[in-house]
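If you want the building blocks of each chain, they are given just below.
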Amino acid sequence: MRILSGIQPTGSIHIGSYSGAISQWKELQQIGECIFFIADLHALTVPQEPDTFSKQVLNTAAELLAAGMDPEKCIIFIQSEIKEHTELSWYLNTITPLGELTRMTQFKEKSQQFKNNINAGLLTYPILQAADILLYQTDSVPVGKDQKQHLELAKIIARKFNQKYGKVFKVPEALLLETGAKIMALNNPKKKMSKSSPAGCLYLFDEPDIIRKKVMSAVTDPGKSIKYDPVKKPGIANLLTVYSLFAGKPISQIEKKFGKKGYAEFKKSLADLLILKLEPYRRKKKELQTREVYVREILTQGRKRAEIIAQTTIKDVRKKMGLI
Ligand code: TYM
């Protein structure tokens, strides 16, 4: 089974991305052929600082390794270093209906958020994502819930290409967790935790005092009971989800544990848990920050391995499309 997924290098990794995607990647690298990459081309669709961008990309690589990605068990590379991604993206552009792109939730949201920069890349973003996936003949794509719509489009594009030119692509499936596919912002539990709103994020590498502060001030709901009810109690439901994921215990067990206790005690216990569980990641990241040559070498090896697969697919695509 070939598994592929990506992450944008737009800021530090938060517990949302960790829960929805990276925790799955860690498990899957033990059992499948895994390919993970840093989606630097996707990040260019919103303003980036050229002077610091390459540092950000390397930082994301170090964070992925610190979070538990094992270069012995998976391929890790930088998207823009394999030119076949953009090449395939163009071919797929020519068969993707415009209407499919304009209805994408992320396009609508991002063009609201960046009103002065509604560039064509924001619209064609999911085509590049489809190219990322289809290039590697991917079976499964472990992602958070916000990527589900893009995955559906990748399937549509794969089928359309196969129908028009003959079978080249595998039709991929999204892998979503039952618990943790959508972690909400700590300062607004009705919104997704997102790198574009840092105030609501708890980062995987936050220091203990910051973790405590963020958890203790997380927005909760009226009432007192620690009950999982995402509609009536979205704040507590979100914190229970995080607790359950990091404790490795079902939500019902945590509800029971805090049944007669108040919000403050529950939050204090959650802060203690996160400080403890995130400690190895903080330590590993600090170590990797001093080993840039090692991180770069992993990315180079990853590129070399991924390139072989990408080039094989592109050859087939060009042939089927009648290109010389
Ligand atoms: P990105 O960088 O926004 O997020 C990386 C992964 O983290 C998941 N995620 C979340 N999961 C649960 N709760 C949250 N609050 C949360 N926030 C983020 C995302 O769903 C994602 O799985 N377009 C992609 C990157 C990409 C990609 C791909 C992914 C480019 N090409 C091909 C899969 C396959 C993105 O922007 O992810």
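Residues numbered from 1 in each chain as written. Predicted model: local features only at pLDDT ≥ 70, side-chain atom pairs only at ≥ 80, totals over all residues. Heavy atoms only, no water.

1. Things to note about the nonpolar core
(1) Moving on: By size, the foremost hydrophobic cluster in this structure holds 60 residues, and its most contacted members are I22, L204, F266 and L274.
(2) Moving on: Ranked by residues supplied to this core, first place goes to helix 12 (residues 263–289) with ten residues.
(3) Moving on: The contact partners of L204, leaving out residues within four places of it in the chain, are I13, H14, I15, Y18, A67, L278 and Y281. (Core = buried A, V, L, I, M, F, W, Y, C linked by side-chain atoms within 4.5 Å. Buried < 20%, exposed > 50% of the residue type's maximum accessible area, 1.4 Å probe, protein only. Helix = DSSP H or I, 4+ residues; strand = E, 2+ residues; numbered from the N terminus. Contact = heavy atoms within 4.5 Å.)

2. What to know about the pattern of salt bridges
(1) Moving on: The tally for this structure, following the rule as stated, stands at 17 salt bridges.
(2) Moving on: Two residues, E87 and R318, come together in a salt bridge whose shortest N-O distance is 3.2 Å. Here R318 lies in helix 13 (residues 292–321) and E87 lies in helix 4 (residues 84–93), a separation of 231 residues in the sequence.
(3) Moving on: Residue classification places R318 among the partly exposed residues on the basis of a relative accessible area of 27%.
(4) Moving on: Here D272 ties to R212 by a salt bridge, and the two come within 2.8 Å at their closest N and O atoms. Within this pair, whereas D272 is found in helix 12, its partner R212 is found in helix 9 (residues 208–216), the two being separated by 60 residues in sequence.
(5) Moving on: Taking relative accessible area as the criterion, R212 reaches 32% and is therefore assigned partly exposed. (Salt bridge = Lys/Arg side-chain N within 4 Å of Asp/Glu carboxyl O.)

3. Some words on the site of the ligand
(1) Moving on: Close to the ligand lie 28 residues, the nearest being Q8, Y125, D132, D146 and I183.
(2) Moving on: Between the ligand and G16, the relevant distance is 3.1 Å, taken from a nitrogen atom to a main-chain nitrogen or oxygen of the residue.
(3) Moving on: Between I183 and the ligand, the recorded distance is 2.8 Å, taken from a backbone N or O atom to a nitrogen atom.
(4) Moving on: Coverage of the ligand by the protein chains reaches 97% of its 710 Å² of free accessible surface.
(5) Moving on: Looking at the shell around the ligand, the elements with two or more residues in it are strand 1 (2–7), helix 1 (15–28) and helix 7 (120–134).
(6) Moving on: In terms of residue class, the shell around the ligand is built from eleven nonpolar, twelve polar and five charged. (Near = heavy atom within 4 Å. Polar contact = N/O pair within 3.5 Å; in protein donor to acceptor, adjacent residues only side chain to side chain. Areas by Shrake-Rupley, 256 points an atom, 1.4 Å probe, with all protein chains shown as cover. Nonpolar A, V, L, I, M, F, W, Y, C, P; charged D, E, K, R; others polar.)

4. Remarks on the domain arrangement of the chain
(1) Moving on: Domain annotation of the chain identifies domain 1 (2–181 + 292–321) and domain 2 (205–286).
(2) Moving on: The distance between the C-alpha centroids of domain 1 and domain 2 comes to 30 Å.
(3) Moving on: Residue-level contacts link 13 residues of domain 1 with ten residues of domain 2.
(4) Moving on: For the pair domain 1 and domain 2, the summed buried area comes to about 950 Å², and 72% of that belongs to carbon and sulfur atoms.
(5) Moving on: Looking only at domain 1, the three residues that lose the most surface to domain 2 are I15, A66 and T179, adding up to 47% of its buried area.
(6) Moving on: Our count for the domain 1 to domain 2 interface comes out at one salt bridge.
(7) Moving on: Here domain 1 is connected to domain 2 by three residue pairs in polar contact (both at pLDDT 80 or more).
(8) Moving on: Its residues assigned to classes, the side of domain 1 that touches domain 2 comprises six nonpolar, five polar and two charged. (Domains from an automatic or database assignment. Buried area = accessible area lost by both parts, 1.4 Å probe.)

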